[in-house]
Amino acid sequence: MGKTQDWTIIERLGDVILQHTEGCVFEIGIGKSTLILKELANRNNRELYCFEISRRKCEWANGIGCRTCLGKTRVTLDLFSDIPIAMGLIDGRHDSATVRFEANFFLKRLTPGGMIFLHDTYMQSDAKIRDESHPRGASGEVYIVRQELELRKDLQVFTWPYTAMNQGLTMVLKMEENRPYCRA
Amino acid sequence: MAKQDWTILNQLGDVILQNVAGDLVEIGLGRSTQIFVKLASNFCRRLYCFDISERKCKWAEEHGATAFLGPSVHMLRFISSKQLALILIDGDHRYETVKQEVDFLLPKLSLGGIMFLHDTAPPLRWARENGRNCGDVYKNRLELETKTDLQVFTWPYTAADCGLTMVMRKDPNRPYWKE
C-alpha cells in the first residue's frame, strides 16, 4: 500500500497533535492511512493499535510494527486496555450504530487536546449517501454521528470538505476543562 | 514568538490553497507574514496586509504584498478581490474592531476557505489578568460559534497557546448541513 495525498490533513496535523497530547494512536479500518499513522506514531514514540476484520490487512499491519486486533470492534474493543488515547482515525464500518459505539468508546479515553478523525462524514451527494453497494455497509450514515457530536459541549467538531477523497474528514477535539470561554 | 507557533497555519495553508480559489488577507503583521508571503508566491495569489506600523508594511511590500498602513477598519474597503481563500485576523484585539473586520471579510471568504483568528481562547490564568494582550477576541469566537452557517474550531495549542480559531462557511448546496 502506497502513500496517498488523500490523508494529507492527518499527515500535516498529526505531529502537532501528538506533540501536545499524551497517549497512543488507534485506527479502525486498515488502509493507506495506516502508513501515515504508523510514521506519525514512530516519530512521536507512540504505539499504533489497528482494528480490522480482514486477516490479510492485519498481517500487513503487523509486518510494519502495528499492534492489531482482528475482528469486529463490538468484540475487540471489549478486550482493549483502558489506556489514554492521543489521536485516532475511525474508518471501518459506516453504519451509524457502529460508528457511534466506536466514537464513544474512544472519546472516553481521549486525552484533552487529543483528536479523533472520522471519515465519510460529508458525502458529496444524496446518491453517494444512499449507495448501499459500499463494501463497508450502509455507507452514508457516518454523517449522523458527526451531527450528534457537533451538539456536545465538551467537544469541538470541524469537517474538511476536501482531501480524504472529498467525502468529509471530521476532526473531533476533546476540550480542556480548565480553559475559559470554551462554550457560552 | 517563535515561528513554530504558527505551525498549524504553516501546515494547512497550502492544503487550503490547493483546494480553494481566492486571495489572502492578513491583519496585524508579524512572523506569520513570512508564511503568508510564501503561500501567496507559491500559489500566485494576491496578499493584502494591514498594519499600523510603517516598518512592517514596508517589509510586506518588499516581499510582494499589497500593504495598507493604518487602522484596518478604514483600509479594508480598498481590497479589490471578491474572493478570499485564507485570512488571518491578529491586529487590534478589541471585540468591536474584530467584529468589523469579520463582518467585512467573511462574506468574501470562498467556500472551503478559512478565516483564522488569533487570541480567541487564552489560558485561564491569563484571562484572570484581563486577558493580557489577548483582549476580548474570545467574545468574537463565542459569537461566531452561534452561527449555524459556519464551522468554528479553536486550536488550544500552538500560536502562543492563546487560541487559534478557524472559521469556514458551510456550503448550503451540500447535503446534511441543511438539517
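Small disclaimer: the values here were computed from a predicted structure and weren't measured.

Q: Report on the overall build of chain B, specifying residues and quantitative values.
A: Regarding its fold elements, chain B presents seven helices and seven strands. Relative to its full complement of 179 residues, chain B shows a buried share of 44%. Once local pairs closer than 6 in sequence are excluded, the contacts in chain B between residues at least 24 apart make up 60%.

Q: Describe helix 2 (residues 32–42) of chain B, with residues and values.
A: All buried positions along helix 2 of chain B are accounted for by Ser32, Thr33, Ile35, Phe36, Val37, Leu39 and Ala40 of chain B. Cys44 of chain B lies just past helix 2 of chain B and shows a positive phi near 50 degrees.

Q: Describe the pairing of strand 2 (residues 47–51) of chain B, naming the residues involved and giving the relevant values.
A: Residue and element names in this part refer to chain B. When you tally the buried positions in strand 2, you get five out of five residues, the bulk of the element. Residues Leu47, Cys49 and Asp51 point to one face of strand 2 and Tyr48 and Phe50 to the other, with burial holding for every one of them. Of the strand pairs in this sheet, strand 1 (residues 23–27) and strand 2 are connected by four bridges, and their pairing is parallel. Among the inter-strand pairings, Leu24 is bridged to a residue of strand 2, identified as Leu47. Taken together, strand 1, helix 2 and strand 2 form a β-α-β motif whose crossover is right-handed. In the sheet, strand 2 pairs with strand 3 (residues 66–69) via four bridges, with the strands oriented parallel. Bridge pairing links Phe50 to Phe68 in strand 3. Following the chain from strand 2 across helix 3 (residues 54–62) to the adjacent parallel strand 3, one finds a crossover that is right-handed.

Q: Requested: an account of the sheet that holds strand 4 (residues 85–90) of chain A, with residues and values cited.
A: All names here are of chain A. One open sheet accounts for seven strands, arranged 3-2-1-4-5-7-6; its pairing is mixed. Single-partner strands in this sheet number two, and they are strand 3 (67–70) and strand 6 (155–160). Taking the axes of each pair of neighbouring strands and ignoring which way they run, one obtains an average angle of 15 degrees across the sheet. As defined by bridge partners, strand 1 (residues 24–28) adjoins strand 4 across five bridges and the pair is classed as parallel. When the sheet's bridge partners are listed, Ile28 is paired in strand 4 with Ile90. Each of strand 1, strand 4, strand 5 (110–119) and strand 7 (169–174) is contacted by helix 5 (residues 96–109), which is oriented at about 160 degrees to strand 5, the strand it contacts most.

Q: Talk me through the sheet that holds strand 1 of chain B; I want residue IDs and the actual numbers.
A: Residues and elements named next belong to chain B. Read across the sheet, seven strands follow the order 3-2-1-4-5-7-6 without closing on themselves; strand pairing throughout is mixed. Strands with a single pairing partner mark the edges of an open sheet, and in this sheet they are strand 3 and strand 6 (150–155). For this sheet, the mean inter-axis angle between neighbouring strands, taken without regard to orientation, is 15 degrees. Against the sheet, helix 3 makes contact with strand 2 and strand 3, and its axis sits at roughly 165 degrees relative to strand 3, the strand it touches most. Along the sheet face, helix 7 (residues 137–145) touches strand 5 (109–118), strand 6 and strand 7 (164–169) and points at about 140 degrees away from the line of strand 6.

Q: Account for the packing of helix 1 (residues 8–20) of chain A against helix 1 (residues 7–19) of chain B, naming residues and giving values.
A: Running from amino to carboxyl end, helix 1 of chain A crosses helix 1 of chain B at an angle of 175 degrees, the nearest separation of the two axes being 10 Å. As the angle between them shows, helix 1 of chain A and helix 1 of chain B are arranged roughly antiparallel. Along the contact surface, helix 1 of chain A presents Thr8, Ile9, Arg12, Leu13 and Val16 of chain A, while helix 1 of chain B presents Thr7, Ile8, Gln11, Leu12 and Val15 of chain B. Grouping the amino acids of the contact of helix 1 of chain A with helix 1 of chain B by side-chain chemistry returns six nonpolar, three polar and one charged.

Q: Please give an account of the nonpolar core that cites residues and values.
A: Residue and element names in this part refer to chain B. The biggest cluster of nonpolar side chains holds 99 residues, and the ones touching the most others in it are Cys49, Ile87 and Phe116. For this core, the element with the most residues is strand 4 (residues 84–89), which contributes six residues. In this view, Cys49 contacts Glu26, Leu29, Thr33, Cys57, Ala60, Ala65, Ala67 and Phe68; residues no more than four positions away in its chain are not counted.

Q: I'd like a description of the environment of Arg43 of chain A, backed by residues and values.
A: Inspection of the secondary structure puts Arg43 of chain A in helix 2 (residues 32–43). Looking at Arg43 of chain A, the number of C-beta atoms within 10 Å reads 12, which means it is exposed.

Q: Break down the environment of Gln156 of chain A for me, with residues and values.
A: Within the element layout of this structure, Gln156 of chain A appears in strand 6. Along the chain, Gln156 of chain A and Lys174 of chain A lie 18 residues apart, while their C-alpha atoms are 6.6 Å from each other. When neighbours within four sequence positions are excluded, Gln156 of chain A is seen to be in contact with Leu173 and Met175 of chain A together with Phe153 and Thr154 of chain B.

Q: Lay out the pairing of strand 5 of chain A in plain terms, naming residues and giving numbers.
A: Regular strands place side chains that alternate from one sheet face to the opposite one. Residues and elements named next belong to chain A. Strand 5 sits mainly inside the fold: seven of its 10 residues count as buried. Sheet topology places strand 4 next to strand 5; five bridges connect them, and they run parallel. The residue bridging Ile85 from the neighbouring strand is Leu110, located in strand 5. In this region the chain leaves strand 4, passes through helix 5 and returns to the parallel neighbour strand 5; the handedness of that crossover is right-handed. As paired elements, strand 5 and strand 7 share five bridges and run antiparallel to each other.

Q: A description of helix 1 of chain A should follow, citing residues and the corresponding values.
A: Spanning 13 residues, helix 1 of chain A covers 19 Å between terminal C-alpha atoms, matching the ideal 18 Å at 1.5 Å per step. The sharpest bend along helix 1 of chain A comes to roughly 35 degrees, located at Gly14 of chain A. Along its buried surface, helix 1 of chain A packs onto helix 2, strand 4 and strand 5 of chain A together with helix 1 of chain B.

About the thresholds
Each chain carries its own residue numbering, running from 1 in the direction its sequence is written. Throughout, the order in which chains and ligands are written sets their labels, letters from A for the former and numbers from 1 for the latter. Where local features are concerned, this predicted model is filtered to residues with pLDDT of at least 70; where side-chain atom pairs are given and counted, the filter is 80 or more; whole-chain, interface and lining totals use all residues. Secondary structure elements are defined from DSSP: runs of H or I of at least 4 residues count as helices, runs of E of at least 2 residues count as strands, and each element is numbered from the N terminus. The exposure scheme places C-beta atoms from the backbone and then counts, for each residue, the other C-beta atoms within 10 Å of its own, assigning buried at 20 or more, exposed at 12 or fewer, and partly exposed in between. Note on contacts: each residue gets a C-beta atom placed from the backbone, and two residues are in contact if those atoms are within 7 Å. Two strands are said to pair when DSSP picks up at least two bridges between them. When the strands point away from the viewer and the path from the first strand over the helix to the second turns clockwise, the crossover is right-handed. The convention used is that axes are lines fitted to C-alpha atoms, helices contributing only their stretch in contact, and that angles between N-to-C directions extend from 0 to 180 degrees. Each angle is binned into one of four classes, with values under 35 degrees roughly parallel, values over 145 roughly antiparallel, values of 65 to 115 roughly perpendicular, and all other values oblique. Residues are grouped as follows: nonpolar covers Ala, Val, Leu, Ile, Met, Phe, Trp, Tyr, Cys and Pro; charged covers Asp, Glu, Lys and Arg; every other residue, Gly included, is treated as polar. Among buried residues, those of type Ala, Val, Leu, Ile, Met, Phe, Trp, Tyr and Cys that are joined through C-beta atoms within 7 Å form a set called a nonpolar core. For a helix, the expected span equals 1.5 Å multiplied by the number of residues minus one. Here the bend at each residue means the angle between axes fitted to two seven-residue stretches, the one ending at that residue and the one beginning there.

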